[in-house]
Structures are given as structure tokens and as C-alpha cells.
Amino acid sequence: MIERTGIGASPGIAVGPAHLHVSQLPEITRRRVEDPAAEVERLLRAEASVRTRLSDLAASHGEGSDEAEVIGAHLLLLEDPEFTGEIRDRIESESLCAEAAVSDVTEESAAMLESLDDEYLAARGADVRDVGTQLLRSVLGLPLETWDGLEVPSVLVARDFFPSETATIPPGMALGLCTEEGSATSHIAVFARGMGLPAVVGVDLPATEPGTVIGLDGETGEVYVDPTQGVIRTLRERQEEQRRARASAADRSHQPAMTEDGARIEVAANIGSDTDAARAAATGAEGVGLFRTEFLFLDRTRPISEEEQYEAYRTVLAAFGDHLVAVRTLDVGGDKQVPGIEIGEELNPFLGLRGIRLTLARPDMMRAQLRALLRAGTEGRLAIMAPMVSGMADLLAFRSALAEAERSLISDGLPFTEDYQVGIMIEIPSAALIASRLAPHVDFFSIGTNDLTQYTLAVDRTNREVADRADHLDPAVLRLIGETTSATGEQGPWVGVCGEMGGDPVATPILIGLGVKELSVAIPSVPTIKDRVRALRLEECRELAARCLQAADGAEVRRILEGV
Ligand code: PEP
Ligand code: MG
């Protein structure tokens, strides 16, 4: 048995065989080859297997379907002299190995198409990347489907996962996740918590054979490779204890959460898809505090259309009836890359073209999303919020994009809601610091503690070397939250927390004490956070929060909270 400790990223215990996952875009080594003709043969064989797979897929979707049409376009690309023809030429004229030729031509053709100021051609760029990636995997002898080799429920082990990969894990096949990269607030942790999957990230795993039994505890960060029977028994006992605690909280999950002294706190869910909505409502969530819409843009080769977005938003709003659904406009950039939305090389992606900065720079994308949201808003209670707002200029630009979307719907004669709330994420310190000036322009603030912690403490949320410094209980972070709540007063905008801190039971008393009215958490945490609220008294929370604001560091905050 080998034992390692990583960062507990999503609670729960997993024990099962390891599935070693190789990332979607394989690394290649450039080589010159002696025999270009043999290399062309390799390419042709790869083309043939991609062709067979695509034809099978097209047949399974049925003639005339949207999917079959996209796949048809991919099949044509395989015959295109400017694509596969060019790859062959490179192998022959430059004696280049097949993988390097596929990689170069894919990148050049896709970049060329994407640089043209034309939505249709930009989408063709995404098609080229998709087919190119499949060809590359085939040339390298890797499975064509990301999850092809996953045949039994397993612990998924990887250096890291792309969002498009986690989005396509076959249902029921992941027992838990274990990655070398990542921190408690990286994409993979957020995904795992949302799915209720135990996860440990940032762990130095030894080279492991596929199928080796892995045991992990997503709370403590313990990982066991090939655990002894004794360790397996202990893990199973803990698993059973956690199951019982969850079941007991679930019994009360549909009742509201009220502190002992009668303060009502809304507990809502964070979701990433229209299918999450039903699950969240069934778990007792009182609405949605954060719909991360970027996940709608994954697992597809072309940007999602206004019509497709409209359908997804309608489903979510309808699932929650009278409860508020806060939809966040696209938050791409940083560690969230989406196929088909090219951002270009950045030295500091978290400080670059991210969130509202990107959507303001691509008004067509913003307009389509806002139109789809306003149209769907007739189905329920809609709130729209913008991510990564750093100050007044972003907020005013967001409001004018909304006004412009309304005008375009009026001129198209399409029905839409005029009765919706507008809010912003508070996740950049500058926004928290001027919250009192932003407040008159919004209905609510939603505090994104993942990024707020990252930007306040200068700790990259994806870098495991500094992950232990990313403490949302640091008094500096708490003061910015306090700055935000005190800027709104009794009559002003309401304040919610939708970052992972909202789902941390240790932090609940401080957040409530600082005046937060809504906690939006991963779906499986809804019952436990409701129970946590019920065990607290608002008056005591206020006193505790005031003391925590004066603490010197996160450790002192934890000491103040001990036993609460
Ligand atoms: C946050 O930053 O806290 C947040 C909720 O947004 P995301 O994790 O999607 O960046
Ligand atoms: Mg964020």
C-alpha cells in the first residue's frame, strides 16, 4: 500500500479500480521520418478509423438530425484537399511524422478560419480542431472517445481534466476523482462537489497500473494506492457514517432554513446545466444562486445558438417556479476554456480576457445570451448577473448591453420579461471596495469567494504549490465580504454568496453574521447547510463575525469558530 495526502476537494469516500485518464489533446514529439510513404500509410489508416467512427455516429443520430449534419460536415473535412490533402503534402515534402503534420495543419487552418470576421467561418475553425484532434488521437493509437476504456465504475485518475471531459463522463462510471493538478476551488473541485463525487486534487501519485485499487477520502485528502483490507474496512465504515448523516439532513431538506432566533436564510443551488435544475429542486434548493452557463457551451463543436440557450434557460426557470434563478453570463477565460471560443495566448489568463471582459469584447455572443435569457424569463423568476465586474464601467456596460438586448427583442416583436433582477458577482477586490457606489445600480450582489480569495491573497486557484494559502477564512477576505454587506444596508441590494465558501459549514456563522441573506451551494450540500443554519443564532453570529474581522489570520478565525 502507498499512502499520499492531497487537497480534499469534494467530501465523500471512494474505493475502486483506477481508470487512468489521458487528456484529450495529447502531447506530441516532432520527428523527421526516413520513410514518408510509410508515414502517409499511418495517416490513411487513422483517417479510415475516424471515418468509420463518424459514419457510425451519424447513423446512430438518424438522418436529418442536427448532430448528423455536423458529423456530415466533419466527414467532408476528411476528404478536403486543403485539410487532409495538405497534411499528406507536409509529410511528403518535409519528411514530417504524421502527428506533427496533423497538429500543424489543424492549428494553422483553424487559426486562419477563426481570424476571419465571420461567425460561420469561425465555427468551421472549431470543426477543423475537432476533426484534427480525432485524427491526432487515432494516429497516436489513443481511443477516439475520451471515455472509451471506462468500462466499470472507477476512480478516475488524471493529471487534470478539461471541463469538456468532466462534462462527458458516462453516468454512474465515476466513483471519485483524483488529480495531480488543482486546488480546492479549481474547476475540477467545483465540478466534483456539484456532482457529489468524492475528490482529492493536487496529489503526487506514484505511477499506477490501470485497475489498481484506489481509496480516497475527499474530506481529509487521504489517498491510498492498493490499500490493505484494514484501510478498506475503515474507509467503508466512514462512508456508511457519512451516508447516514446525509440521509438525516435530507429528511428536512424541503423545509426552509431559519436560525434559532428566527432569521430566514435562503439556501439555493449552484448548477451548470438544465438537467441539474431538476436535481437541485428535488434536493430542496430554494432557487438557483449561480447558474454557470459556460457549461452549456462545452461538449459541442460550435457555439450554442440563441434558440438552444433559450430552451435550456426555460427548462431551468420552469423547474423553480416562484424561486429566483440567478443566471450568470458566460464566464470563460482563466482556467475555463471552451471549444470554439478562442482567447489567444495570455501570460496571465486569470488577469486577462475573462468573464465580462470577454463578453463585452464579443458583443454578438453577449447579445445572443441576453436575448435568450430575457425571452426565457417569462417562464419564472429571472435574475441575470455578470461575472468578473471590476468596477463601475463594467457594470454600466453590462446594463447597456441588457437595454440593447431588450430593444432588439422589441424590434423583432419577440415576447420577453421586463420583470427581472440585475446583479453582479463580487469577486474582484476593487468591486468589493466600491460596493457602496455600485449598489444603487443593482438588485443584488453575489459574492464569488473562489475568485475573491484568489485575487485578494494573490493565490492562483489552480496552482497546488500555493493551494494551502487559498484560505477563504483569511480576515482580509472576510473584511471585503463585510465591506460588501455593509454597503447595502437594510434597503439596498440583497447579498448572497455563491463561491465554495457558501458550502463550507465552518464559514456559515460568519457569513450570516456579516449580513449575507442567501447561500448558494453545490447541490449535495443543500441539506447540510440548511441544517447548519438551523443550529445557529443570528445575534451570536454577528458577535462572532465582528471578532473574526479583527483576527490576524485564518488560523485565529478558526480558533474563534471552534465548537460553534
Ligand atoms: C467564484 O469565483 O467564487 C465563483 C462562484 O465563480 P467561479 O468559481 O465559477 O469562477
Ligand atoms: Mg469566479
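Preceding this section is the structure that the text describes.
Below is a short write-up of the structure. (Residues numbered from 1 in each chain as written. Chains lettered and ligands numbered in written order. Predicted model: local features only at pLDDT ≥ 70, side-chain atom pairs only at ≥ 80, totals over all residues. Heavy atoms only, no water.)

1. As for the overall build of the chain
Part 1 of the argument: A tally of regular secondary structure across the chain gives 21 helices and 17 strands.
Part 2 of the argument: Principal axes of the C-alpha set define a box for the chain whose edges measure 80 × 70 × 40 Å.
Part 3 of the argument: Considering the chain as a whole, with its 564 residues, one finds that 54% of them fall into the buried category.
Part 4 of the argument: Restricting to contacts in the chain with at least 6 residues of sequence separation, those with at least 24 account for 67%. (Helix = DSSP H or I, 4+ residues; strand = E, 2+ residues; numbered from the N terminus. Buried < 20%, exposed > 50% of the residue type's maximum accessible area, 1.4 Å probe, protein only. Contact = heavy atoms within 4.5 Å.)

2. Regarding the coordination of the magnesium ion (ligand 2)
Part 1 of the argument: Of the protein atoms, only Glu427 (OE) and Asp451 (OD) coordinate the magnesium ion (ligand 2), at distances of 2.0 to 2.2 Å. Of this pair, Glu427 sits in the loop between strand 14 (421–426) and helix 14 (429–433) while Asp451 sits in helix 16 (residues 449–457), and the two are 24 residues apart along the sequence. The burial state of Glu427 is the same as that of Asp451; both residues are buried. (Donors = N, O, S within 2.8 Å, 3.2 Å for Na, K, Ca; no water.)

3. Things to note about the sheet that holds strand 3 (residues 13–20)
Sheets are built from strands paired through backbone hydrogen bonds, the pairs being either parallel or antiparallel.
Part 1 of the argument: Taking strand neighbours across the sheet as the criterion, the eight strands line up as 1-8-7-3-4-5-6-2 in an open arrangement whose pairing is mixed. The open sheet has two free edges, formed respectively by strand 1 (2–5) and strand 2 (7–10), since each of these has just one partner strand. This sheet shows a mean twist of 30 degrees between the axes of neighbouring strands, independent of strand direction.
Part 2 of the argument: In this sheet, strand 8 (residues 222–225) lies alongside strand 7 (residues 213–217) in antiparallel orientation, the contact comprising four bridges. Bridge pairing in strand 8 places Ile214 opposite Val225.
Part 3 of the argument: Here helix 8 (residues 229–251) sits on the sheet in contact with strand 3, strand 7 and strand 8, set at roughly 120 degrees to strand 3. (Pairing = 2+ DSSP bridges. Axes fitted to C-alpha atoms, helices over the stretch in contact; angles between N-to-C directions.)

4. Considering the environment of Ala247
Part 1 of the argument: Residue position: Ala247 is located in helix 8.
Part 2 of the argument: The partly exposed category is assigned to Ala247, whose relative accessible area is 34%.
Part 3 of the argument: Taking the C-alpha atoms as reference points, Ala247 and Val231, 16 residues apart in sequence, are found 24 Å from one another.

5. Some details on helix 17 (residues 475–488)
Part 1 of the argument: A rise of 1.5 Å per residue sets the reference length of helix 17, with its 14 residues, at 20 Å; its end C-alpha atoms lie 20 Å apart and thus fit the reference within 8%.
Part 2 of the argument: Every buried residue belonging to helix 17 is among Pro475, Val477, Leu478, Leu480, Ile481, Gly482, Thr484, Thr485 and Thr488, and all of these are buried.
Part 3 of the argument: Taken from the residues just after helix 17, Gly489 is the one with a positive phi, measuring 65 degrees. (Expected span 1.5 Å × (residues − 1).)

6. With respect to the site of ligand 1
Part 1 of the argument: Lining the immediate environment of ligand 1, one finds 15 residues, of which Arg292, Arg328, Lys336, Asn450 and Arg461 sit closest.
Part 2 of the argument: Interatomic distance of 2.8 Å between a side-chain N/O atom of Arg461 and an oxygen atom of ligand 1.
Part 3 of the argument: Here ligand 1, which alone exposes 290 Å², has 99% of that area covered by the protein.
Part 4 of the argument: Those elements that provide at least two residues to the shell around ligand 1 are strand 11 (288–292) and helix 16.
Part 5 of the argument: Of all the elements, helix 16 adds the most residues to the shell around ligand 1, at three residues.
Part 6 of the argument: For the shell around ligand 1, the class distribution of residues is three nonpolar, four polar and eight charged. (Near = heavy atom within 4 Å. Polar contact = N/O pair within 3.5 Å; in protein donor to acceptor, adjacent residues only side chain to side chain. Areas by Shrake-Rupley, 256 points an atom, 1.4 Å probe, with all protein chains shown as cover. Nonpolar A, V, L, I, M, F, W, Y, C, P; charged D, E, K, R; others polar.)

7. Things to note about the nonpolar core
Part 1 of the argument: By size, the foremost hydrophobic cluster in this structure holds 91 residues, and its most contacted members are Ile271, Ile384, Phe398, Phe445, Ile481, Ile510 and Leu519.
Part 2 of the argument: With sequence-adjacent residues up to four places away left out, Leu519 is seen in contact with Ile265, Glu266, Val267, Ala268, Val497, Gly502, Thr508, Leu511, Ile529 and Val533.
Part 3 of the argument: Formed by 27 residues, the second largest nonpolar core is a distinct cluster that contains Leu54, Ile71, Ile87 and Cys97. (Core = buried A, V, L, I, M, F, W, Y, C linked by side-chain atoms within 4.5 Å.)

8. Describing the packing of aromatic side chains
Part 1 of the argument: Tallied over the entire structure, the rule returns three aromatic pairs.
Part 2 of the argument: For the pair Phe291 and Tyr313, a centre-to-centre distance of 6.0 Å together with 80 degrees between the ring planes defines the contact as edge-to-face. Of this pair, Phe291 sits in strand 11 while Tyr313 sits in helix 10 (residues 306–320); the two residues are 22 residues apart in sequence, bridging distant segments of the chain. In terms of burial, Phe291 and Tyr313 fall into one category: buried.
Part 3 of the argument: Lying over the aromatic face of Tyr310, Arg375 brings its terminal NZ or CZ to 4.1 Å of the ring centre. (Phe/Tyr/Trp six-rings, centres within 6.5 Å; stacked < 30°, edge-to-face > 60°. Lys NZ or Arg CZ within 6 Å of the ring centre and 35° of its normal.)

9. Quick look at a negative patch on the surface
Part 1 of the argument: A surface patch of negative charge is lined by Glu260, Asp261, Glu540 and Glu543.
Part 2 of the argument: Relative to the helices and strands, Glu540 is located in helix 20 (residues 538–549). (Patch = residues over 30% accessible without salt bridge, like charges linked within 9 Å, V, L, I, M, F, W, Y side chains within 5 Å. Salt bridge = Lys/Arg side-chain N within 4 Å of Asp/Glu carboxyl O. Lys, Arg positive; Asp, Glu negative; His and termini not counted. Charge placed at Lys NZ, Arg CZ, Asp CG, Glu CD.)

10. Here we look at the pairing of strand 12 (residues 324–328)
Part 1 of the argument: The element strand 12 is extensively covered by neighbouring structure, given that five of its five residues are classed as buried.
Part 2 of the argument: Summarising the sheet, strand 11 and strand 12 pair through three bridges and their orientation is parallel. What sits directly across from Arg292, in strand 12, is Arg328.
Part 3 of the argument: Bridge analysis of strand 12 against strand 13 (residues 381–386) gives five bridges, and the strand direction is parallel. Within the sheet, the bridge partner assigned to Val325 lies in strand 13 and is Leu382.

Just distances and angles here, no functional claims.
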